[in-house]
Amino acid sequence: MTLTFDRANYSNLLAEVAPRAIETEEEYDRLLAVAEGLTFAKNRTPEEKALHNLLVTLIEVYEAQNYPIDKSEPHEILQHIMEASGTRQADESGHHWIEWRSV
């Protein structure tokens, strides 16, 4: 059974949530809570899926502007994980980790 998109239902959802470009931490938290609720909802309607996609897009834009993540090289990420976990390049059992090389 194919569900059709009901514009009136979607309009009601939009009116209820009133999504817009996120400019404050409070608005970010509010829309994040709505998006999380939709993420874990069972049997979402096509309208709820469309609203979820819109909210995720707004959240991603806000996060990219306000919480930028530096691009790291894969070996830098692995090195950080190993240092944070206290793992050494060669562990005690004789297994060897990859050799660190400058890229």
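Procedures and definitions
Residues numbered from 1 in each chain as written. Predicted model: local features only at pLDDT ≥ 70, side-chain atom pairs only at ≥ 80, totals over all residues. Heavy atoms only, no water. Helix = DSSP H or I, 4+ residues; strand = E, 2+ residues; numbered from the N terminus. Contact = heavy atoms within 4.5 Å. Polar contact = N/O pair within 3.5 Å; in protein donor to acceptor, adjacent residues only side chain to side chain. Phe/Tyr/Trp six-rings, centres within 6.5 Å; stacked < 30°, edge-to-face > 60°. Buried < 20%, exposed > 50% of the residue type's maximum accessible area, 1.4 Å probe, protein only. Salt bridge = Lys/Arg side-chain N within 4 Å of Asp/Glu carboxyl O.

A.B. asks: Got a minute to help me understand the environment of R44 in this structure?
C.D. replies: Its location among the elements puts R44 in the loop between α2 (25-39) and α3 (46-66). Leave out the neighbours within four places in its chain, and R44 touches L38, K49 and H52. Separated by 3.3 Å, the side chains of R44 and H52 make a polar contact.

A.B. asks: How should I be thinking about the packing of aromatic side chains in this particular structure?
C.D. replies: For any pair of aromatic rings, the description consists of the separation of the ring centres together with the inter-plane angle of the planes. Enumeration over the complete set of coordinates arrives at four aromatic pairs. Considering the side-chain rings of F5 and Y10, the 5.3 Å spacing of their centres and the 55° angle between planes classify their relative orientation as tilted. The class for F5 is partly exposed, based on a relative accessible area of 37%. Residue classification places Y10 among the buried residues on the basis of a relative accessible area of 17%. One aromatic cluster is present, built from ring pairs that chain together Y28, Y62 and Y67.

A.B. asks: Can you walk me through the pattern of salt bridges in this structure?
C.D. replies: Side chains that carry opposite charge are capable of pairing whenever their charged atoms lie near each other. Across all of its chains, the model carries one salt bridge by this definition. The salt bridge partner of R30 is E27, with a shortest N-O separation of 2.9 Å. Taken together, the residues R30 and E27, both in helix α2 and three residues apart, mark about one turn of the helix.

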